Structure formats: structure tokens, C-alpha cells
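# Breakdown of the fold
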Amino acid sequence: MNDRNGPVVGIVPAAGRGVRLGESLPKAFVELDGRTMLDRSVAAMLTSAAVDRVVVVVPPELVASVAATAPPQVRVVAGGAERTDSVRAGLAAADDAAYVLVHDAARALTPPVLFARIVAELRGGRRAVIPVLPVADTVKSVDGAGRVTGTPDRSALRAVQTPQGFAADLLRRANAGAGDATDDAGLVERLGESVYTVPGEPLAFKITTPLDLVLARAVLAAGTPVRQER
């Protein structure tokens, strides 16, 4: 059982190449208004005052350069070929954590309040908490031939965001098993553990495609209040 007053460590897997974004450098290092997505994500965590320190996981060749400019609360380690490998590397560098928040660097406009919301639930006794938003579009299930096989009731569906928060021992156990998942909560679900939800934030959208990048830059240009100061 975790000490509810124990340290909260954020893990930011940023070793992916992000080819869908169409940029020449790793996605996390693409700039938004003069600051990289990685920098903005780390700053939001620290600004929340709910995260004690952050472990950033980057490509091995970038460890030294990222560490040279990182604030004191940030440790930089090398990631692996898959996202799960990078999360495991982050967990290894967060051995004193009572709670862990795993956050996509590509959700660079996530407001600090969302980190605090997740941590409050963890300290209140939840062991796995994720932010979600209602699904706005109608969703269809489709077979291999492209034929519609069903229309799920979207009132019971949610779009999942990050940060995803966990009791550290639970996330370690989930990552010890074989296999991969699209998110860390999926690994926890495989253990038969309950995963709870809190309201997400529209600004926590994932910047994956060139259109997402245009939207993110437009949001910043419009002066939408997103405080991410260190």
C-alpha cells in the first residue's frame, strides 16, 4: 500500500519519432511559440505544485543535451524502441515514488490543474486514475472489409487523455508483464484492477498530425490562458 503522502513523480516518454507529424525532428522537440512540446509538458507538471519531480525519457543521443538545460527537479534518461520500454526506463529512475503520472509530451497544452486533479484522486485512495472527455462523434465498429458491424452507444464511451496516474507499485506490476498497450491504463486493466476517471481538459488534446500542430499554434496565438511557467 502506498504512503498517501509519498512523492509524486511525473514520467514523460519523449523518445518517439512522431512520423505522423511530418517534422524533421522527434515530435517532443517540435516548438510551439518558441518552446518545445517537451518543455511545455514538463513546465505544466511542475507548475501544478502536485508533482515533486519529473523523469524525462528521450532518445539516447539526446540525453546529454536535454539534461544540460533541464531544471533541478528533472532527471533525463534514455528511452527504448517502444513506448512501454520508455515507461519502464522512467519507472526505474523513479524508485522512490509513491505515485506516478505518465504524460504524453505531445499533449503540450495540458493545463496544470489537470495534474493536480489526478494527484488529488490518488492521494484520496484511488490507485489508477485517468482523465477522459465525452465522445462527440458517432462511433462505428467496422470489419476487415470496411463494412459497418455496429454503432456503440457513445454515452458510455470516453476519449482518454493523459496524465494517467497510478500507485507506483501497481504500475510497476502492470509493466512487469509481457505485451504492449495503447496506454498505461490498459496494462493495469489486464491485471483486473479498477481504473477510475476524472473530467479531462479540451486543451489536453494530443498533437499528432500537422492539423493538430496548426490548432495548437492557433490556440497559443489567440492568447488562450494556459499558464505553464516554472
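Residues numbered from 1 in each chain as written. Predicted model: local features only at pLDDT ≥ 70, side-chain atom pairs only at ≥ 80, totals over all residues. Heavy atoms only, no water.

### Looking at helix α3 (residues 83-92)
- When α3 is considered as a whole, its buried residues turn out to be T84, S86, V87, G90 and L91. Looking down the long axis of α3, one finds its buried residues gathered within 160° of arc, a one-sided arrangement.
- Among the structural elements, β1 (8-13), β4 (53-58), β6 (99-102), α5 (168-176) and α6 (184-190) are those in contact with the buried residues of α3. (Buried < 20%, exposed > 50% of the residue type's maximum accessible area, 1.4 Å probe, protein only. Helix = DSSP H or I, 4+ residues; strand = E, 2+ residues; numbered from the N terminus. Arc of directions from axis to C-beta. Contact = heavy atoms within 4.5 Å.)

### A short note on the UniProt feature "site: Positions MEP for the nucleophilic attack" (unreviewed entry) in the protein chain
- Per the UniProt record, the feature "site: Positions MEP for the nucleophilic attack" (unreviewed entry) sits at R154 and K206.
- When you line up the elements, R154 lands in the loop between β9 (148-150) and β10 (158-160).
- With residues up to four places along the chain from it excluded, the contact list for R154 reads V135, A136, D137 and T138.
- At a separation of 2.7 Å, a polar atom in the side chain of R154 contacts the main-chain carbonyl oxygen of A136.
- Here K206 shows up in the loop between β12 (196-199) and α7 (210-221).
- Residue K206 is classed as partly exposed on the basis of its relative accessible area, which comes to 33%.
- Those residues in contact with K206, other than ones at most four positions away along the chain, are K27, D104, A106, R107 and D212. (UniProt positions renumbered as here; feature names shortened; annotations may be inferred. Polar contact = N/O pair within 3.5 Å; in protein donor to acceptor, adjacent residues only side chain to side chain.)

### Overview of the environment of L171
- Along the chain, L171 turns up in helix α5.
- Considered as a pair, L171 and T149 are 22 residues apart in the sequence and their alpha carbons are 35 Å apart.
- Every residue in contact with L171, bar those within four places of it in the chain, is listed here: L91, V100, V102, F166 and D184.

### Brief notes about the packing of aromatic side chains
- Inspection of the entire model under this criterion finds zero aromatic pairs.
- Cation over ring: R126 sits above Y196, and NZ or CZ is 3.7 Å from the ring centre. (Phe/Tyr/Trp six-rings, centres within 6.5 Å; stacked < 30°, edge-to-face > 60°. Lys NZ or Arg CZ within 6 Å of the ring centre and 35° of its normal.)

### Examining the pairing of β6
- Side chains Y99 and L101 project from β6 onto one buried face, and the interleaved V100 and V102 project onto a second face that is buried too.
- Across four bridges, the pairing between β1 and β6 is parallel. Its bridge partner being in β6, I11 is matched across the sheet by V102. (Pairing = 2+ DSSP bridges.)

### Some thoughts on the nonpolar core
- L38, V42, V54, V58 and L101 are the most contacted members of the largest nonpolar core, which totals 28 residues.
- Mapped onto this core, the elements with two or more residues apiece are β1, α1 (37-47), β4, β5 (74-78), β6 and α4 (112-123). (Core = buried A, V, L, I, M, F, W, Y, C linked by side-chain atoms within 4.5 Å.)

### Concerning the side chain of T162
- Along the polypeptide, T162 turns up in the loop between β10 and β11 (164-167).
- For T162, a relative accessible area of 4% gives the class buried.
- A polar contact is formed between the side chain of T162 and the side chain of H103, at a distance of 2.8 Å.
- Engagement of the side chain of T162 in a polar contact is seen with the backbone nitrogen of D104, the distance being 3.1 Å.
- The residues touching T162, leaving out its near neighbours within four places in the chain, are V102, H103, D104, R107, T110, L114, P131 and A204.

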